[in-house]
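What follows is the residue order along each chain.
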Amino acid sequence: MSIDKVWVLAESAEGVPTSITLELLTRARSMGAVTEAVAWGSGTAGLAGELGNYGATTVYDVGDIGDALPGAPVAGAMAELIVAGNRPDVILVPASYDGRDVAARLSVRLDAPVITNVVDVDSDGDSVSSQHGLFGGAQVATARFTGAHPWIFVVRAKSFTAEASGGAAPQVVAAPAPELGATNGAKVLARHAEERTGPKLDEADVVVSGGRGLGGAEHYAMIEELAKLLHGAAGASRAIVDAGWVPYSHQVGQTGKTVKPTLYVACGISGATQHLVGMKGSKNIIAINKDQDAPIFSVADLGIVGDVHKVVPKLIEALKAHG
Amino acid sequence: MNVVVCVKQIPDPAAPQALDPQTHTLVREGKLIMDDSDAYGVEMGLQLAEAAGGGEVTLVSMAPGGETSGLRTALAMGAAKAILVSDDALKGSDALSTAKVLAKAIARAEPDLVIAATESTDGYTGTTPVQVAELLGFPSVSFAKKVSVGDGRVHVERQTEAGYDEVDCPLPAVVTVTAGVVEPRYPSFKGIMAAKSKPVDQLTVADLGLDAAQVGAAGARQEVTAVTAADERKAGEIVVDEGDGYEHIVRFLEQLKLV
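Cut-offs and rules
Counting of residues starts from 1 at the beginning of each chain's written sequence and follows it residue by residue. Lettering of chains starts at A and numbering of ligands starts at 1, both following the order in which they are written. Only residues with pLDDT of 70 or above have their local features reported here, since the model is predicted, and side-chain atom pairs are shown and tallied only from 80 upward, although totals for entire chains, interfaces and linings are computed over all residues. The side-chain numbers reported here are obtained from all heavy atoms of the structure, hydrogens and water having been left aside. Only runs of H or I of at least four residues qualify as helices and only runs of E of at least two qualify as strands under DSSP, and these elements are numbered from the N terminus. Residues are said to line a cavity or pocket when one of their atoms sits within 4 Å of a point; the points come from a 1 Å grid over protein atoms alone, cavities being sets where a 1.4 Å probe fits but cannot get out and pockets being open sets with protein on both sides within 12 Å along at least five of seven lines. Grid points are joined across faces, edges and corners, and a volume is the space filled by probe spheres set on the points. In this classification, Asp, Glu, Lys and Arg are treated as charged, Ala, Val, Leu, Ile, Met, Phe, Trp, Tyr, Cys and Pro as nonpolar, and every other residue, Gly included, as polar. Every residue carries a pLDDT, the predictor's confidence in it, which falls somewhere between 0 and 100. Each residue is assigned to one of three classes by its accessible area relative to the maximum for its type, calculated with a 1.4 Å probe on protein chains only: buried under 20%, partly exposed between the two thresholds, exposed over 50%. Only strands joined by at least two bridges in the DSSP assignment are considered to pair. The term salt bridge refers to a pairing of a side-chain nitrogen on Lys or Arg with a carboxyl oxygen on Asp or Glu at a separation within 4 Å. Think of a patch as exposed residues, more than 30% relative accessible area, with no salt bridge, where like charges cluster within 9 Å and nonpolar side chains (Val, Leu, Ile, Met, Phe, Trp, Tyr) cluster within 5 Å. Here, Shrake-Rupley sampling with a 1.4 Å probe gives the accessible areas, and only protein chains in the shown set may cover a residue. Counted as positive: Lys and Arg. Counted as negative: Asp and Glu, with His and the chain ends omitted from the count. Here the site of a charge means atom NZ of a Lys, CZ of an Arg, CG of an Asp or CD of a Glu. Here the arc refers to the directions that run from the helix axis out to each C-beta atom. Any two residues having at least one pair of non-hydrogen atoms within 4.5 Å are treated as being in contact. Throughout, nonpolar core names a set of buried Ala, Val, Leu, Ile, Met, Phe, Trp, Tyr and Cys residues whose side chains join them through atoms within 4.5 Å. Buried area: the accessible area, evaluated with a 1.4 Å probe, that two parts lose upon being put together, summed over both parts. Identification of polar contacts relies on pairs of N or O atoms within 3.5 Å, with a donor-acceptor requirement for protein atoms, meaning one able to donate a hydrogen and the other able to accept it, and with residues adjacent in sequence counted only if both atoms are side-chain atoms.

(A) Unusual backbone geometry, seen in detail. P150(A) follows H149(A) through a cis peptide bond whose omega is 0 degrees. With respect to the helices and strands, the residue P150(A) is situated in the loop between β10 (139–145) and β11 (151–155). With an omega dihedral of 0 degrees, the bond running from L171(B) to P172(B) counts as a cis peptide bond. The phi angle at N117(A) is positive, at roughly 60 degrees, despite the residue not being glycine. At E110(B), a position not held by glycine, the phi torsion is positive, near 45 degrees. Residue position: E110(B) is located in the loop between α3 (95–108) and β6 (113–117).

Pasting the structure below:
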């Protein structure tokens with residue numbers, strides 16, 4: 001079973017492919033197979049050029065899904081293509097809110113298992129294996145499929161570096177729209193975007209995150225101030241998101257965003273497995289925590305054993321004085 | 001309203017975790033507890049059933065060795081009963097096989113609403129609930145941070161990259177909830193006592209009408225081939241703050257040319 005064709009589930013936001021889509025296309029291309037993308041929405045024609053620029057030679061267009069959530073209609077269209085004989089050997093899916101829904105429904109429609117939480121994909125001739133961080137990334141598991149193609153891998157953001165191939169505009173092929181019945185019942189009534197100043201959390205060069213050690217929601221302001229001074233984004237541990245101090249969109253970790261900034265500053269974060277998974281790949285890590293045995297210090301390049309309420313305000317003052 | 005809440009019983013995450021060196025599956029020995037992530041779903045289910053003015057919460061779980069410790073916790077919170085699928089044939093099941101088992105068990109409870117966590121704390125594949133939805137022919141709304149039910153529909157605030165979507169969905173449906181969606185209640189003493197006598201219907205793979213060859217290690221079409229230690233980050237400099245901790249940070253930032 002050679003690897004002749006790889007599909008990438010192509011997500012877009014604000015009219016352009018998401019970063020992870022370009023990362024997956026780059027990886028798919030390097031497997032030496034025909035690289036194709038599956039996209040949806042009313043603007044697929046506008047996305048095609050960029051998808052081609054990263055290696056897609058064909059884009060299957062599911063079309064405008066209206067106010068439906070993508071899971072059922074996109075998985076349905078993909079399954080129709082595959083059952084009709086257009087069979088990819090590997091499908092790479094972004095580990096995003098919608099990507100996971102599509103992969104799950106596609107898995108059932110094809111009766112094909114899924115491998116999720118992938119952080120690397122290796123291909124060698126006919127075999128493809130994936131890597132997964134375990135226990136907060138302390139161990140790495142290698143996994144592979146043993147059954148028939150297609151093999152569906154759900155890949156975490158920033159597992160690969162996106163590189164353009166300079167490929168030509170791909171052909172855009174309309175995908176079939178199957179009967180979905182009740183499964184397509186969920187409809188979006190309204191979309192709400194949280195206000196954001198500064199760079200996006202998962203694209204920022206500097207990320208400053210706060211955790212339980214802040215002691216209360218009112219102290220998160222100093223995390224935001226420090227982030228702003230460093231032209232970065234403010235993040236959070238799951239503990240304080242669960243506690244309702246900050247919105248979920250700030251969460252860094254297994255269930256939140258994966259970040260790999262030049263600098264990550266962890267303030268009052270103990271470093272639970274759940275958090276380490278999402279930030280361990282940062283180039284430089286500074287940790288400030290009262291507990292010198294906190295696991296966060298095991299990944300820190302610079303660890304300050306101290307009270308965030310003392311260290312961070314002084315740091316903010318010093319940076320302001322610095323100009 | 002019949003609410004089914006999926007409950008995973010897992011090894012205590014606070015205890016050291018390990019993989020079986022032969023099978024590369026998570027060691028699941030000793031007492032299992034309810035996954036913390038599921039406490040939110042149980043609480044949500046109880047609140048919705050109460051708000052609907054009738055109906056009850058049925059728990060569905062798949063666990064080895066007839067394990068009920070985690071289920072008793074959820075029963076003590078107020079769930080009415082539980083369905084437990086326990087069968088040696090299920091050892092080594094992948095997410096899709098698990099979904100097939102859960103879907104069969106859930107169908108028995110004739111649910112209006114199925115609630116699950118977005119992902120488990122131990123395996124975190126995060127696909128099982130939506131696979132269950134597809135198997136049952138239900139719509140699904142994942143990553144719910146707020147849920148209400150009325151007029152045969154579920155209304156959800158669904159987490160997105162940018163913020164959240166308001167989603168409306170007819171019942172029956174599967175909803176996955178994020179942690180923090182509600183504050184899980186602590187079981188009362190009365191609840192704990194009552195939980196001991198609440199019914200737990202224990203089923204095997206055969207009871208569900210599934211073929212044992214399609215589940216467990218026999219039916220898994222994926223395998224872990226190796227587990228290795230990750231590259232360790234080299235140990236950094238640790239400084240105890242004596243009022244000058246911030247100066248170390250400023251110097252570090254200067255080295256990175258960030259200030």
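Here the narrative resumes.
(B) Molecular detail of empty space enclosed by the protein. By the definition in use, this model includes three cavities of 30 Å³ or more. Estimates place the volume of the largest cavity at around 100 Å³. As for the largest cavity, its lining consists of 13 residues, of which R238(A), T255(A), T118(B), T178(B) and A179(B) are closest to the centre. When residues of the lining of the largest cavity are traced back to their parent elements, those giving at least two are α6 (238–242) of chain A together with α1 (36–51) of chain B. Across the lining of the largest cavity, the residue classes break down as five nonpolar, five polar and three charged. Roughly 80 Å³ of volume is contained in the second largest cavity. Taken together, L69(A), G71(A), A72(A), D101(A), R105(A), T183(A), N184(A), A186(A), P139(B) and S140(B) make up the full set of residues lining the second largest cavity. Where the lining of the second largest cavity is concerned, the elements lending two or more residues are α3 (71–83) and α4 (97–110) of chain A. Here the residues of the lining of the second largest cavity are counted per class, giving four nonpolar, four polar and two charged.

(C) Fine view of the confidence of the model for chain B. Here chain B shows a mean pLDDT of 91. Residues at 70 or above account for 98%. Note on the complex model: pTM 0.90, ipTM 0.91.

(D) Highlighting the pairing of strand β4 (residues 56–62) of chain B. Residue and element names in this part refer to chain B. Where burial is concerned, most of β4 is hidden: six out of the seven residues are buried. As paired elements, β4 and strand β5 (residues 81–85) share five bridges and run parallel to each other. Paired with M62 across the strands is V85, a residue of β5.

(E) Spatial organisation of the pattern of salt bridges. Throughout the structure, instances matching the rule amount to 18 salt bridges over all chains. Residue R185(B) pairs with E43(B) through a salt bridge whose shortest N-O separation is 2.8 Å. Of this pair, R185(B) sits in the loop between β10 (173–177) and α5 (189–195) while E43(B) sits in helix α1, and the two are 142 residues apart along the sequence. The buried category is assigned to E43(B), whose relative accessible area is 3%. A single salt-bridge network, built from bridges that share partners, covers D98(A), D101(A) and R158(B).

(F) Here's a closer look at a negative patch on the surface. A contiguous patch of negative charge on the surface is contributed by D4(A), D122(A), D124(A) and D126(A). D124(A) sits in the exposed class, given a relative accessible area of 62%.

(G) Examining helix α2 (residues 44–53) of chain A more closely. Residues and elements named next belong to chain A. Of all the positions in α2, only T44, L47, A48, L51 and G52 are classed as buried. Burial along α2 is one-sided: seen end-on, the buried residues are contained in an arc of 140 degrees. On the buried face of α2, the contacting elements are β2 (12–13), β3 (16–17), α1 (19–30), β4 (34–39), β5 (58–61) and β12 (171–174). Trailing α2 by a residue or two, G55 shows a phi angle of about 115 degrees, which is positive.

(H) Layout of the nonpolar core. V42(B), L59(B) and V147(B) are the most contacted members of the largest nonpolar core, which totals 43 residues. Sort the elements by how many residues they give to this core and α1(B) lands first, with seven residues. Excluding its chain neighbours within four sequence positions, the residues that come into contact with V42(B) are V5(B), V7(B), M34(B), L59(B), A74(B) and M77(B). Core analysis: the next-biggest nonpolar cluster, separate from the first, contains 36 residues, Y220(A), M222(A), L263(A) and L315(A) among them.

(I) Region of the structure containing the interface of chain B and chain A. Opposite the 75 residues of chain B that make contact, chain A presents 75 residues. Taking both partners together, chain B and chain A bury about 7,000 Å²; carbon and sulfur atoms supply 57% of that area. Applying the counting criterion to the chain B and chain A interface returns 10 salt bridges. For K257(A), the salt bridge identified is with E161(B), shortest N-O distance 3.7 Å. Across the chain B-chain A interface, the total number found is 31 residue pairs in polar contact (both at pLDDT 80 or more). Residues that form the side of chain B that touches chain A fall into these classes: 36 nonpolar, 23 polar and 16 charged. Sheet topology places β10(A) next to strand β12 (residues 222–229) of chain B; seven bridges connect them, and they run antiparallel. The partner of R144(A) across the bridge, within β12(B), is E223(B).

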